[in-house]
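Letter by letter, the chains look like this.
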Amino acid sequence: MSVQNGSSRLSRVLLLGGTSEIGLAILSALRLEPGTEVILAGRDAQRLEAAGKALNRPVTVARYDALDTGTHQAFADEICAGGVPDLVIAATGVLIPEEQAERDVRLAATMIETNFTGHVTALLAFGSRMRERGSGTIVVLSSVAAIRPRKFNAVYGATKAALDAFARGYADALHGTGVRVLLVRPGFVTGRMTAGMAPAPLATTPEAVGAAVAAALRGSKSVVWIPSSLAGLATAMRLVPRPVWRKLKR
Ligand SMILES: NC(=O)c1ccc[n+]([C@@H]2O[C@H](COP(=O)([O-])OP(=O)(O)OC[C@H]3O[C@@H](n4cnc5c(N)ncnc54)[C@H](OP(=O)(O)O)[C@@H]3O)[C@@H](O)[C@H]2O)c1
């Protein structure tokens, strides 16, 4: 059952990017019942097992590579054979520094495929099974970077803008089917992905993202900003004239 009305029980939850700090913080904040099956999907079984231990509950681990898009339908079919997940959290992602992506275009392709293409293929596969059943929730990790890419993150920002657009369109495609898409737009989140970077204004934590997503899942919002004040800043960001935007130092 989906959590879209805030009251239903979750039998099966799948985290794509099973070691993601934000994804794991969402799982913790959901305070899942002992009977809920949690599947952590990712590239490295050892890291996934360690993530399961940190969650302090039994988990199932599954091999999933976001780059291997040709296997995503079969992956979804295999997971769904044991029961269509009630909740899929799409948290895979990489943040490759812009200068590296510009120097080595294969890295740019890796970032695009991980942050965008792989989400589309996996979520379409799970979404169609949820639609057949008539229930389910998909959580998509977009970013404030989707709102207006900067010269410092042209490729990363583009991947997030594309994912954000897909999530909004797919949410509309699923409207009325019993399947909900929750679009999550955090700002700068301190953690592994941003290690070594100076925190941006309104920086937040994986725990704060987890709490905000759990609260949003109990309600009926389609988009959640973290922190919520970022929504206003994003509106202002859109209005900055381009010659000024271009000159910003970060
Ligand atoms: N941190 C931020 O400031 C921030 C802000 C806004 C949005 N977000 C988004 O939130 C999501 C989660 O970020 P996070 O902070 O939790 O980062 P994280 O801890 O680095 O997690 C990223 C996850 O993606 C997985 N991954 C990377 N490439 C993969 C691949 N080819 N196949 C399968 N899994 C792959 C990693 O698995 P491995 O263990 O195998 O590396 C890890 O589980 C991302 O989409 C990110 O863009 C982050």
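Residues numbered from 1 in each chain as written. Predicted model: local features only at pLDDT ≥ 70, side-chain atom pairs only at ≥ 80, totals over all residues. Heavy atoms only, no water.

Caption draft 1: Expanded view of the overall build of the chain. A tally of regular secondary structure across the chain gives 9 helices and 7 strands. Computed over the C-alpha atoms, the radius of gyration of the chain is 17 Å, within 12% of the 18 Å expected from 2.2 N^0.38 for a compact globule of 250 residues. Judged by the C-alpha coordinates and their principal axes, the chain covers about 55 × 35 × 35 Å. The 250 residues of the chain split such that 46% are buried. Across the chain, contacts joining residues at least 24 apart in sequence account for 69% of those joining residues at least 6 apart. (Helix = DSSP H or I, 4+ residues; strand = E, 2+ residues; numbered from the N terminus. Rg over C-alpha atoms; globule rule 2.2 N^0.38 Å. Buried < 20%, exposed > 50% of the residue type's maximum accessible area, 1.4 Å probe, protein only. Contact = heavy atoms within 4.5 Å.)

Caption draft 2: Quick look at helix α5 (residues 105–133). With 29 residues, α5 extends 41 Å from end C-alpha to end C-alpha; this agrees with the ideal 42 Å at 1.5 Å per step. The backbone nitrogen of Arg106 lies 3.0 Å from a side-chain oxygen of the residue at the head of α5, namely Asp104. In the segment just after α5, Gly134 is the residue with positive phi, at about 90 degrees. (Expected span 1.5 Å × (residues − 1). Polar contact = N/O pair within 3.5 Å; in protein donor to acceptor, adjacent residues only side chain to side chain.)

Caption draft 3: Focus on the site of the ligand. The ligand sits among 28 residues. The nearest are Thr19, Ser20, Arg47, Tyr156 and Arg192. Between the ligand and the protein, one listed contact pairs an oxygen atom with a backbone N or O atom of Thr92 at 3.0 Å. With respect to the ligand, the side chain of Lys160 contributes an N or O atom lying 2.9 Å from an oxygen atom. Expressed as a share of its isolated accessible area of 890 Å², the protein-covered part of the ligand is 93%. Mapped onto the shell around the ligand, the elements with two or more residues apiece are α1 (21–29) and α6 (154–174). Looking at side-chain class alone, the shell around the ligand contains 12 nonpolar, 10 polar and 6 charged residues. (Near = heavy atom within 4 Å. Areas by Shrake-Rupley, 256 points an atom, 1.4 Å probe, with all protein chains shown as cover. Nonpolar A, V, L, I, M, F, W, Y, C, P; charged D, E, K, R; others polar.)

Caption draft 4: Molecular detail of the nonpolar core. Formed by 30 residues in total, the largest nonpolar core has its most connected members in Leu16, Phe75, Leu123, Phe126 and Val140. Those elements giving two or more residues to this core turn out to be β1 (12–16), β2 (37–42), α3 (72–81), β4 (87–90), α5, β5 (136–141), α6 and β6 (179–186). A per-element tally of this core places α5 first, with 6 residues. Contact partners of Val140, with chain neighbours within four places excluded, come to Ala90, Leu123, Leu163, Ala167, Val181, Leu182, Leu183 and Val184. Counting 29 residues, the second largest nonpolar core, distinct from the first, contains Val13, Leu30, Leu55 and Val209. (Core = buried A, V, L, I, M, F, W, Y, C linked by side-chain atoms within 4.5 Å.)

Caption draft 5: Region of the structure containing the sheet that holds β4. The strand order β3-β2-β1-β4-β5-β6-β7 describes an open sheet built from 7 strands, whose pairing is parallel. At either end of the open sheet lies a strand with only one pairing partner, and these are β3 (60–63) and β7 (223–226). Averaged over all neighbouring strand pairs, the angle between strand axes comes to 20 degrees, with direction disregarded. Contacts from α3 reach β1, β2 and β3 within the one sheet, and its direction differs from that of β3 by about 160 degrees. Running over the sheet, helix α8 (residues 230–239) touches β6 and β7 and is turned about 90 degrees from β7. (Pairing = 2+ DSSP bridges. Axes fitted to C-alpha atoms, helices over the stretch in contact; angles between N-to-C directions.)

Caption draft 6: Molecular detail of the pattern of salt bridges. For the structure on display, the rule yields 9 salt bridges. Put simply, Asp164 and Arg185 hold a salt bridge, and the shortest N to O gap is 2.7 Å. With a gap of 21 residues between them, Asp164 in helix α6 and Arg185 in strand β6 connect regions that are remote in the sequence. With relative accessibility at 2%, the residue Asp164 sits in the buried group. Connected through shared salt-bridge partners, Asp77, Arg129 and Glu132 make up one network. (Salt bridge = Lys/Arg side-chain N within 4 Å of Asp/Glu carboxyl O.)

What is shown is where atoms sit, not what they do.
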